[in-house]
Amino acid sequence: FLCFIIEHIGAIAPKGGFIDGFMKKMKKPLSLILAGAGVLFLLGAIFVIGRQLYDDRQARDTISELKASAETPTPEAPVLTPAASATASPAPTASPSPEPTPVLTANPYADSFLENEDMVAWLCIPDTPIDYPVMWTPADENYYLLRGFDGSSNSNGCLILDTDSCVDPLTTNLIIHGHNMKSGAMFGTLSDYEKEEFYQDHKTIQLFTEQCLRNYEVIAVFRSQVFKKSDTVFKFYNFFQAATEDEFNDFYSNIKEMSIYDTGVTAEFGDHFLTLSTCSYHVDRGRFVVVARETESGGDYLPLDSENSGTETDADLPHR
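Every value quoted in this text rests on a predicted model; they were computed, and no experiment measured them. (Residues numbered from 1 in each chain as written. Predicted model: local features only at pLDDT ≥ 70, side-chain atom pairs only at ≥ 80, totals over all residues. Heavy atoms only, no water.)

Of regular secondary structure, the protein possesses five helices and eight strands. When the helices and strands of the protein are listed from N to C terminus, the series reads α-α-α-β-β-β-β-α-β-β-α-β-β. For the protein, the residues scored as buried account for 40% of the 320 residues in total. In the protein, the share of contacts with a sequence separation of at least 24, taken over all contacts with a separation of at least 6, comes to 64%. Within the structure as shown, the protein displays about 19,200 Å² of accessible surface, and the carbon and sulfur contribution to it stands at 57%. (Helix = DSSP H or I, 4+ residues; strand = E, 2+ residues; numbered from the N terminus. Buried < 20%, exposed > 50% of the residue type's maximum accessible area, 1.4 Å probe, protein only. Contact = heavy atoms within 4.5 Å. Areas by Shrake-Rupley, 256 points an atom, 1.4 Å probe, with all protein chains shown as cover.)

This is how it looks when you write it as C-alpha coordinates:
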(Lines give C-alpha, C1' and ligand atoms only; values in the text may rest on other atoms or scores of the structure.)
Protein backbone atom coordinates (compact mmCIF):
# COMPACT_ATOMS: atom_id res chain seq x y z
CA PHE A 1 0.00 0.00 0.00
CA LEU A 2 2.83 2.38 0.91
CA CYS A 3 4.61 1.51 -2.33
CA PHE A 4 1.42 2.37 -4.22
CA ILE A 5 1.25 5.80 -2.52
CA ILE A 6 4.91 6.49 -3.25
CA GLU A 7 4.51 5.54 -6.88
CA HIS A 8 1.32 7.62 -7.15
CA ILE A 9 2.94 10.71 -5.65
CA GLY A 10 6.02 10.21 -7.80
CA ALA A 11 3.84 10.06 -10.91
CA ILE A 12 2.20 13.42 -10.27
CA ALA A 13 5.26 15.21 -8.86
CA PRO A 14 7.27 17.42 -11.26
CA LYS A 15 10.23 15.61 -12.77
CA GLY A 16 13.56 16.66 -11.33
CA GLY A 17 11.91 18.46 -8.40
CA PHE A 18 12.52 17.95 -4.69
CA ILE A 19 9.61 15.59 -4.22
CA ASP A 20 10.61 13.53 -7.22
CA GLY A 21 14.14 13.14 -5.87
CA PHE A 22 12.95 12.37 -2.37
CA MET A 23 10.57 9.68 -3.62
CA LYS A 24 13.30 8.01 -5.64
CA LYS A 25 15.57 7.92 -2.57
CA MET A 26 12.85 6.55 -0.26
CA LYS A 27 11.42 3.94 -2.60
CA LYS A 28 14.16 1.36 -2.12
CA PRO A 29 14.47 1.67 1.72
CA LEU A 30 10.70 1.45 2.12
CA SER A 31 10.58 -1.58 -0.12
CA LEU A 32 13.23 -3.24 2.05
CA ILE A 33 11.33 -2.33 5.23
CA LEU A 34 8.08 -3.72 3.84
CA ALA A 35 9.82 -6.88 2.67
CA GLY A 36 11.36 -7.31 6.13
CA ALA A 37 8.00 -6.76 7.79
CA GLY A 38 6.49 -9.38 5.48
CA VAL A 39 9.19 -11.87 6.41
CA LEU A 40 8.66 -11.20 10.14
CA PHE A 41 4.91 -11.65 9.71
CA LEU A 42 5.45 -14.95 7.90
CA LEU A 43 7.85 -16.18 10.59
CA GLY A 44 5.35 -15.17 13.27
CA ALA A 45 2.57 -17.08 11.54
CA ILE A 46 4.81 -20.15 11.20
CA PHE A 47 5.68 -19.94 14.90
CA VAL A 48 2.02 -19.68 15.96
CA ILE A 49 0.98 -22.60 13.76
CA GLY A 50 3.98 -24.65 14.87
CA ARG A 51 3.27 -23.97 18.54
CA GLN A 52 -0.36 -24.99 18.12
CA LEU A 53 0.65 -28.22 16.40
CA TYR A 54 3.13 -28.88 19.21
CA ASP A 55 0.45 -28.25 21.85
CA ASP A 56 -1.98 -30.55 20.02
CA ARG A 57 0.60 -33.33 19.90
CA GLN A 58 1.56 -32.90 23.55
CA ALA A 59 -2.10 -33.03 24.59
CA ARG A 60 -2.74 -36.14 22.49
CA ASP A 61 0.33 -37.90 23.87
CA THR A 62 -0.62 -37.08 27.48
CA ILE A 63 -4.20 -38.28 27.06
CA SER A 64 -3.04 -41.41 25.25
CA GLU A 65 -0.74 -42.26 28.16
CA LEU A 66 -3.56 -41.74 30.66
CA LYS A 67 -5.92 -43.91 28.60
CA ALA A 68 -3.28 -46.63 28.36
CA SER A 69 -3.07 -46.79 32.14
CA ALA A 70 -6.85 -47.21 32.49
CA GLU A 71 -8.00 -50.68 33.40
CA THR A 72 -11.23 -52.35 32.36
CA PRO A 73 -13.20 -52.80 35.59
CA THR A 74 -14.06 -56.40 36.41
CA PRO A 75 -16.31 -57.54 39.28
CA GLU A 76 -14.62 -59.22 42.18
CA ALA A 77 -14.92 -63.01 42.23
CA PRO A 78 -17.83 -64.22 44.36
CA VAL A 79 -17.02 -65.91 47.64
CA LEU A 80 -17.69 -69.65 47.35
CA THR A 81 -19.32 -71.46 50.27
CA PRO A 82 -18.16 -74.97 51.25
CA ALA A 83 -20.16 -77.92 49.91
CA ALA A 84 -22.81 -79.33 52.23
CA SER A 85 -21.80 -82.30 54.39
CA ALA A 86 -23.09 -85.77 53.38
CA THR A 87 -24.22 -86.45 56.96
CA ALA A 88 -27.77 -85.66 57.88
CA SER A 89 -28.38 -82.40 59.66
CA PRO A 90 -31.44 -80.84 61.22
CA ALA A 91 -33.67 -78.83 58.91
CA PRO A 92 -32.62 -75.18 59.04
CA THR A 93 -34.93 -72.71 60.69
CA ALA A 94 -36.25 -69.85 58.60
CA SER A 95 -34.34 -66.61 59.05
CA PRO A 96 -34.44 -63.29 57.21
CA SER A 97 -31.98 -63.20 54.32
CA PRO A 98 -29.36 -60.46 54.61
CA GLU A 99 -29.25 -57.67 52.06
CA PRO A 100 -26.74 -58.43 49.28
CA THR A 101 -23.43 -56.65 49.62
CA PRO A 102 -22.70 -54.48 46.56
CA VAL A 103 -19.84 -55.77 44.44
CA LEU A 104 -17.13 -53.12 44.20
CA THR A 105 -14.79 -52.90 41.22
CA ALA A 106 -11.47 -51.19 40.67
CA ASN A 107 -11.69 -47.69 39.26
CA PRO A 108 -10.42 -47.85 35.64
CA TYR A 109 -8.88 -44.39 36.00
CA ALA A 110 -7.35 -44.94 39.44
CA ASP A 111 -3.82 -44.21 38.20
CA SER A 112 -4.90 -40.89 36.70
CA PHE A 113 -6.73 -39.86 39.88
CA LEU A 114 -3.67 -40.69 41.94
CA GLU A 115 -1.29 -38.96 39.52
CA ASN A 116 -3.08 -35.61 39.79
CA GLU A 117 -5.35 -34.81 42.71
CA ASP A 118 -6.97 -31.99 40.70
CA MET A 119 -8.65 -34.56 38.47
CA VAL A 120 -12.23 -34.91 39.64
CA ALA A 121 -13.62 -37.17 36.88
CA TRP A 122 -13.10 -38.64 33.44
CA LEU A 123 -15.61 -37.69 30.75
CA CYS A 124 -16.36 -40.00 27.82
CA ILE A 125 -18.85 -39.75 24.99
CA PRO A 126 -18.54 -43.21 23.40
CA ASP A 127 -17.42 -43.35 19.75
CA THR A 128 -16.38 -39.68 19.71
CA PRO A 129 -13.06 -37.90 20.32
CA ILE A 130 -14.40 -36.53 23.62
CA ASP A 131 -12.59 -38.76 26.09
CA TYR A 132 -10.70 -36.62 28.62
CA PRO A 133 -9.94 -36.02 32.28
CA VAL A 134 -11.94 -33.29 34.01
CA MET A 135 -10.10 -30.95 36.37
CA TRP A 136 -11.49 -29.09 39.37
CA THR A 137 -9.58 -26.32 41.15
CA PRO A 138 -12.03 -24.31 43.31
CA ALA A 139 -9.29 -21.91 44.44
CA ASP A 140 -8.56 -20.95 40.81
CA GLU A 141 -11.15 -22.13 38.31
CA ASN A 142 -9.03 -21.01 35.34
CA TYR A 143 -5.83 -22.79 36.40
CA TYR A 144 -6.18 -25.44 33.66
CA LEU A 145 -7.62 -23.05 31.09
CA LEU A 146 -4.27 -23.00 29.27
CA ARG A 147 -2.51 -25.89 31.00
CA GLY A 148 -2.33 -29.58 30.25
CA PHE A 149 -3.00 -32.43 32.68
CA ASP A 150 0.58 -32.23 33.97
CA GLY A 151 0.31 -28.48 34.58
CA SER A 152 2.54 -27.49 31.64
CA SER A 153 1.54 -24.64 29.33
CA ASN A 154 -0.80 -25.82 26.58
CA SER A 155 -3.31 -23.81 24.53
CA ASN A 156 -5.73 -26.76 24.47
CA GLY A 157 -6.12 -26.55 28.22
CA CYS A 158 -8.22 -29.20 29.98
CA LEU A 159 -11.89 -29.83 30.55
CA ILE A 160 -12.85 -27.88 33.68
CA LEU A 161 -15.61 -28.58 36.18
CA ASP A 162 -17.23 -25.31 37.22
CA THR A 163 -16.22 -24.14 40.69
CA ASP A 164 -19.84 -24.16 41.87
CA SER A 165 -20.35 -27.77 40.77
CA CYS A 166 -19.44 -30.69 43.00
CA VAL A 167 -19.38 -34.47 42.49
CA ASP A 168 -19.30 -35.36 46.20
CA PRO A 169 -21.75 -34.37 47.52
CA LEU A 170 -23.39 -34.29 44.10
CA THR A 171 -24.98 -31.03 43.02
CA THR A 172 -28.13 -31.04 40.88
CA ASN A 173 -26.17 -29.85 37.86
CA LEU A 174 -22.52 -30.45 36.94
CA ILE A 175 -21.21 -27.92 34.41
CA ILE A 176 -18.08 -28.82 32.45
CA HIS A 177 -16.35 -26.20 30.30
CA GLY A 178 -13.95 -26.93 27.43
CA HIS A 179 -12.24 -25.10 24.58
CA ASN A 180 -13.73 -25.34 21.09
CA MET A 181 -10.44 -26.23 19.38
CA LYS A 182 -10.18 -26.12 15.60
CA SER A 183 -8.17 -29.34 15.74
CA GLY A 184 -11.21 -31.07 17.25
CA ALA A 185 -9.51 -31.48 20.63
CA MET A 186 -11.35 -30.95 23.93
CA PHE A 187 -14.89 -29.79 23.01
CA GLY A 188 -13.95 -29.07 19.38
CA THR A 189 -16.49 -31.65 18.17
CA LEU A 190 -19.26 -30.95 20.70
CA SER A 191 -21.19 -28.90 18.13
CA ASP A 192 -21.70 -32.11 16.13
CA TYR A 193 -24.75 -32.49 18.38
CA GLU A 194 -26.37 -29.69 16.39
CA LYS A 195 -27.30 -32.41 13.90
CA GLU A 196 -30.08 -34.65 15.18
CA GLU A 197 -28.62 -37.57 13.24
CA PHE A 198 -25.44 -37.31 15.33
CA TYR A 199 -27.48 -37.22 18.54
CA GLN A 200 -29.34 -40.39 17.52
CA ASP A 201 -26.02 -42.24 17.40
CA HIS A 202 -24.51 -40.63 20.52
CA LYS A 203 -27.25 -40.32 23.12
CA THR A 204 -25.23 -41.48 26.11
CA ILE A 205 -22.46 -39.81 28.10
CA GLN A 206 -20.31 -41.39 30.81
CA LEU A 207 -18.69 -39.67 33.78
CA PHE A 208 -16.18 -41.72 35.78
CA THR A 209 -15.73 -40.24 39.27
CA GLU A 210 -13.64 -41.53 42.16
CA GLN A 211 -16.75 -43.09 43.68
CA CYS A 212 -18.63 -44.54 40.71
CA LEU A 213 -19.56 -44.45 37.05
CA ARG A 214 -22.44 -42.12 36.25
CA ASN A 215 -24.44 -42.65 33.06
CA TYR A 216 -26.30 -39.84 31.34
CA GLU A 217 -28.68 -39.45 28.40
CA VAL A 218 -28.76 -36.24 26.34
CA ILE A 219 -31.93 -34.28 27.05
CA ALA A 220 -31.36 -30.91 25.31
CA VAL A 221 -29.01 -29.24 22.81
CA PHE A 222 -29.02 -25.48 22.30
CA ARG A 223 -27.08 -22.29 21.59
CA SER A 224 -26.85 -19.54 24.16
CA GLN A 225 -24.40 -16.91 25.34
CA VAL A 226 -22.85 -15.33 28.42
CA PHE A 227 -25.14 -12.40 29.20
CA LYS A 228 -24.58 -9.22 31.14
CA LYS A 229 -25.28 -9.47 34.86
CA SER A 230 -28.08 -6.96 34.44
CA ASP A 231 -29.84 -9.01 31.73
CA THR A 232 -32.98 -10.64 33.11
CA VAL A 233 -32.89 -13.76 30.94
CA PHE A 234 -32.38 -17.47 31.48
CA LYS A 235 -28.71 -18.14 32.22
CA PHE A 236 -27.99 -21.86 32.06
CA TYR A 237 -24.55 -21.34 33.61
CA ASN A 238 -26.01 -20.11 36.91
CA PHE A 239 -27.91 -23.29 37.77
CA PHE A 240 -26.09 -25.72 40.06
CA GLN A 241 -28.37 -26.77 42.92
CA ALA A 242 -32.17 -27.00 42.93
CA ALA A 243 -33.26 -26.15 46.44
CA THR A 244 -36.92 -26.24 45.41
CA GLU A 245 -39.02 -27.91 42.74
CA ASP A 246 -39.71 -24.50 41.20
CA GLU A 247 -35.99 -23.90 40.68
CA PHE A 248 -35.64 -27.33 39.10
CA ASN A 249 -38.63 -26.80 36.80
CA ASP A 250 -37.37 -23.38 35.72
CA PHE A 251 -34.11 -24.87 34.46
CA TYR A 252 -35.80 -27.92 32.97
CA SER A 253 -38.50 -26.02 31.09
CA ASN A 254 -36.02 -23.51 29.67
CA ILE A 255 -33.53 -26.05 28.31
CA LYS A 256 -36.35 -28.03 26.73
CA GLU A 257 -37.78 -24.91 25.11
CA MET A 258 -34.36 -23.80 23.81
CA SER A 259 -33.39 -27.23 22.48
CA ILE A 260 -32.71 -27.34 18.74
CA TYR A 261 -34.70 -30.57 18.50
CA ASP A 262 -36.88 -32.67 20.79
CA THR A 263 -34.95 -35.58 22.28
CA GLY A 264 -38.07 -37.03 23.90
CA VAL A 265 -36.15 -37.37 27.19
CA THR A 266 -37.92 -36.03 30.27
CA ALA A 267 -36.86 -35.23 33.83
CA GLU A 268 -38.47 -34.69 37.22
CA PHE A 269 -37.52 -33.04 40.49
CA GLY A 270 -34.74 -35.04 42.11
CA ASP A 271 -32.95 -35.91 38.85
CA HIS A 272 -29.38 -34.79 38.18
CA PHE A 273 -27.96 -33.09 35.10
CA LEU A 274 -24.62 -32.89 33.32
CA THR A 275 -24.06 -29.74 31.22
CA LEU A 276 -21.26 -29.48 28.64
CA SER A 277 -20.46 -25.97 27.43
CA THR A 278 -18.05 -24.62 24.81
CA CYS A 279 -17.53 -21.40 22.87
CA SER A 280 -19.71 -20.68 19.84
CA TYR A 281 -19.37 -17.83 17.41
CA HIS A 282 -22.97 -17.20 16.36
CA VAL A 283 -23.03 -14.19 18.73
CA ASP A 284 -20.57 -12.35 20.95
CA ARG A 285 -19.58 -14.61 23.88
CA GLY A 286 -21.74 -17.37 22.43
CA ARG A 287 -21.96 -20.86 23.87
CA PHE A 288 -22.94 -24.25 22.47
CA VAL A 289 -24.52 -26.40 25.18
CA VAL A 290 -25.39 -30.07 25.61
CA VAL A 291 -27.39 -31.09 28.69
CA ALA A 292 -27.83 -34.70 29.79
CA ARG A 293 -29.91 -36.30 32.53
CA GLU A 294 -28.45 -38.99 34.78
CA THR A 295 -30.10 -42.35 34.16
CA GLU A 296 -28.40 -44.86 36.43
CA SER A 297 -25.16 -45.60 38.16
CA GLY A 298 -22.81 -48.10 36.59
CA GLY A 299 -21.68 -49.39 39.98
CA ASP A 300 -19.46 -48.29 42.84
CA TYR A 301 -15.66 -48.38 42.84
CA LEU A 302 -13.18 -49.47 45.44
CA PRO A 303 -11.64 -46.53 47.30
CA LEU A 304 -8.46 -45.39 45.57
CA ASP A 305 -6.34 -45.72 48.70
CA SER A 306 -7.36 -49.34 49.25
CA GLU A 307 -7.28 -50.71 45.70
CA ASN A 308 -3.70 -51.86 46.11
CA SER A 309 -3.93 -52.87 49.77
CA GLY A 310 -6.07 -55.97 49.21
CA THR A 311 -8.26 -55.12 52.19
CA GLU A 312 -11.35 -53.06 52.74
CA THR A 313 -13.51 -52.12 55.67
CA ASP A 314 -16.99 -50.72 56.05
CA ALA A 315 -15.41 -47.28 56.51
CA ASP A 316 -13.78 -47.61 53.08
CA LEU A 317 -17.02 -48.11 51.19
CA PRO A 318 -17.68 -45.26 48.75
CA HIS A 319 -20.74 -43.16 49.23
CA ARG A 320 -22.89 -40.97 47.00
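Here S277 lies in strand β7 (residues 273–280). Judged by its relative accessible area of 3%, S277 is buried. Not counting chain neighbours up to four residues away, the residues in contact with S277 comprise I176, H177, G178, F187, L190, F236, R287, F288 and V289.

Backbone torsion omega between D168 and P169 reads 0°, so that peptide bond is classified as cis. Within the secondary structure layout, P169 lies in the loop between β3 (159–161) and β4 (173–177). Even without glycine at this site, D127 takes up a positive phi of about 65°. Residue position: D127 is located in the loop between β1 (119–124) and β2 (131–135). Judged by relative accessible area, which is 75%, D127 ranks as exposed.

This brings us to the pairing of strand β8 (residues 286–300). Sheet analysis places strand β6 (residues 212–225) next to β8, joined by twelve bridges and oriented antiparallel. Paired with F222 across the two strands is V289, which belongs to β8. Counted along the chain from β7 to the antiparallel partner β8, the turn is five residues long, and its residue R285 has a positive phi close to 60°. (Pairing = 2+ DSSP bridges.)

Time to look at the environment of F113. When you line up the elements, F113 lands in helix α3 (residues 110–115). In this structure the C-alpha to C-alpha distance between F113 and L66, which are 47 residues apart in sequence, comes to 9.9 Å. The residues contacting F113, other than those within four sequence positions of it, are N107, M119, V120, A121, F208, T209, E210 and L304.

As summarised here, the arrangement of the eight strands in space is β1-β2-β3-β4-β7-β8-β6-β5, forming a closed barrel in which the pairing is mixed. Across the sheet, the mean angle separating the axes of adjacent strands is 30° when strand polarity is ignored. On the sheet, helix α5 (residues 245–258) packs against β4, β6, β7 and β8 and is oriented at approximately 60° with respect to β6. (Axes fitted to C-alpha atoms, helices over the stretch in contact; angles between N-to-C directions.)

Time to look at the pattern of salt bridges. Using the criterion set out here, one finds three salt bridges in the structure. For the salt bridge of D262 with K256, the shortest nitrogen-to-oxygen distance reads 3.6 Å. For K256, a relative accessible area of 24% translates into the label partly exposed. (Salt bridge = Lys/Arg side-chain N within 4 Å of Asp/Glu carboxyl O.)

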